[in-house]
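Descriptive analysis of the structure
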Amino acid sequence: MYFASDNTGPIHPRILDALARANTGYAPAYGADPLTAEVVQTLREIFEAPEAAVHLMATGTAANALLLSTGTAPWQTIFCSRVAHIHEDECNAPEFFSGGAKLTLVETVDGKMTPEGLAAAIEAEETRGVHGPQRGPVSLTQATEKGTLYTLEELRTLSDVAHRYGLPVHMDGARFANALAGLGCSPAEMTWKAGIDMLSFGGTKNGLMGVEAAILFDPARSMEFELRRKRGAHLFSKHRYLAAQMQGYLEGGLWLEMAGAANTACQRLADGLRDAPGANLMFRPEANIVFARLPRATHRRLFEAGAQYHLWDDTLDGGPEDAPLAARFVTDWSADPAETDRFLSLL
Ligand SMILES: *Cc1c(COP(=O)(O)O)cnc(C)c1O
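The model shown is predicted, which means the values in this text are computed figures rather than measured ones. (Residues numbered from 1 in each chain as written. Predicted model: local features only at pLDDT ≥ 70, side-chain atom pairs only at ≥ 80, totals over all residues. Heavy atoms only, no water.)

This part is about the site of the ligand. Taken together, Thr59, Gly60, Thr61, Asn64, His85, Glu90, Thr141, Glu145, Asp172, Ala174, Arg175 and Lys205 make up the full set of residues near the ligand. Measuring from an oxygen atom of the ligand, one finds a side-chain N or O atom of threonine 61 at 2.5 Å. Contacts to the ligand include aspartate 172, whose side-chain N or O atom sits 2.6 Å from a nitrogen atom. Coverage of the ligand by the protein amounts to 81% of the 390 Å² it exposes when considered alone. With three residues, helix α3 (residues 60-69) is the largest single contributor of residues to the shell around the ligand. Broken down by class, the residue content of the shell around the ligand amounts to one nonpolar, six polar and five charged. (Near = heavy atom within 4 Å. Polar contact = N/O pair within 3.5 Å; in protein donor to acceptor, adjacent residues only side chain to side chain. Areas by Shrake-Rupley, 256 points an atom, 1.4 Å probe, with all protein chains shown as cover. Helix = DSSP H or I, 4+ residues; strand = E, 2+ residues; numbered from the N terminus. Nonpolar A, V, L, I, M, F, W, Y, C, P; charged D, E, K, R; others polar.)

So, in structure tokens, the structure goes:
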């Protein structure tokens, strides 16, 4: 009953096979190997973006921080949601890698920025001349940190707001595949066709050992990105092992298969939670994350039976047993339906 996070799960065996296949002989280092060139080409095809710049690295924080710092001046501010990973969970990496750009937090509804909220936040910055921050990129997360999805229409509207002010749009796609499987659209539709300028394309949370791709749909700043990646100590020397994982991921649509499995597991869990006594879903689960409130006593029982998940801004000790406590449940590609059913029967 492992619902703590999708990065607690195993690597897909086909990824390990891809690593083993790449593990023969010698190959040029630092991304000059043929496998990396192949992966770049495959991602360009998948995204219908033949010109896009594609660079691999090992963490999502690096992909976000390096993309967001590219083209951003230290005196600018990055617009993101109040619950954004770049705000809550990256130890100020975007601020650090940009040399001091700040974040302007935008209010959210169900984990999503609204066009009105974004426009108001943008309007409120760059109003104090040299004394205040200048407007910088907009970053949005798909799937969101609350397990909801921006529709294509919502993505387009938010991008339009940003572009109206001449600001580029970044997508944190740590769970890009889960979002894509949830919406059932094409990668191009969910990105550049909806006005997304740069993408952190996640892999680790969806069954890789540790690879994310940074994609710049306009390659003009590709060299700047590469310099920042090297200077930021994120240029992997034995690069073919990053590429091998990504190749195994994309081959035969494995990435979408895995995301589909994780999303299906989440729906099974969410359906059970919806019907459970005293349980309340907090957001509409549209990918592989579900938030629910359950009575303290129920959490206690589940934890004692070995269930693994995180309480959210609540603690088990020190309150009435019937008090509803918020929790987050995340499913991954390897989720076992029998374990989900065991969890639900305990519930
Ligand atoms: C996990 C995650 C990341 C990347 O985190 P790393 O631990 O640096 O790989 C980025 N954004 C979101 C929304 C995430 O959930």
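Here the focus is the nonpolar core. Counting 59 residues, the largest nonpolar core has Phe201, Met246 and Tyr249 as its most contacted members. Considering each element in turn, this core owes the most residues, seven residues, to helix α10 (residues 240-250). Ignoring sequence-local partners within four residues, the contact set of phenylalanine 201 consists of Leu43, Phe47, Gly173, Phe176, Glu212, Ala213, Ile215, Met246, Tyr249, Leu250 and Trp255. By size, the runner-up hydrophobic cluster in this structure holds 20 residues, among which are Phe3, Ala270, Leu325 and Leu347. (Core = buried A, V, L, I, M, F, W, Y, C linked by side-chain atoms within 4.5 Å. Buried < 20%, exposed > 50% of the residue type's maximum accessible area, 1.4 Å probe, protein only. Contact = heavy atoms within 4.5 Å.)

This paragraph deals with the sheet that holds strand β10 (residues 280-281). Within the open sheet, the four strands sit side by side as β10-β11-β13-β12. Their pairing is antiparallel. Looking along the sheet, the strands with just one partner apiece sit at the ends: β10 and β12 (310-311). (Pairing = 2+ DSSP bridges.)

Assigned domains within the chain: domain 1 (14-252) and domain 2 (255-346). Here the C-alpha centre of domain 2 lies 28 Å away from the C-alpha centre of domain 1. Domain 1 puts 23 residues into the contact, and the matching count from domain 2 is 20 residues. Looking only at domain 1, the three residues that lose the most surface to domain 2 are Lys146, Arg175 and Asn178, adding up to 29% of its buried area. At the junction of domain 1 with domain 2, the criterion picks out zero salt bridges. For the pair domain 1 and domain 2, the interface holds six residue pairs in polar contact (both at pLDDT 80 or more). Looking at the side of domain 1 that touches domain 2, the elements with two or more residues in it are α8 (176-183) and α10. Counting residues per element, the side of domain 1 that touches domain 2 draws most heavily on α8, at six residues. (Domains from an automatic or database assignment. Buried area = accessible area lost by both parts, 1.4 Å probe. Salt bridge = Lys/Arg side-chain N within 4 Å of Asp/Glu carboxyl O.)

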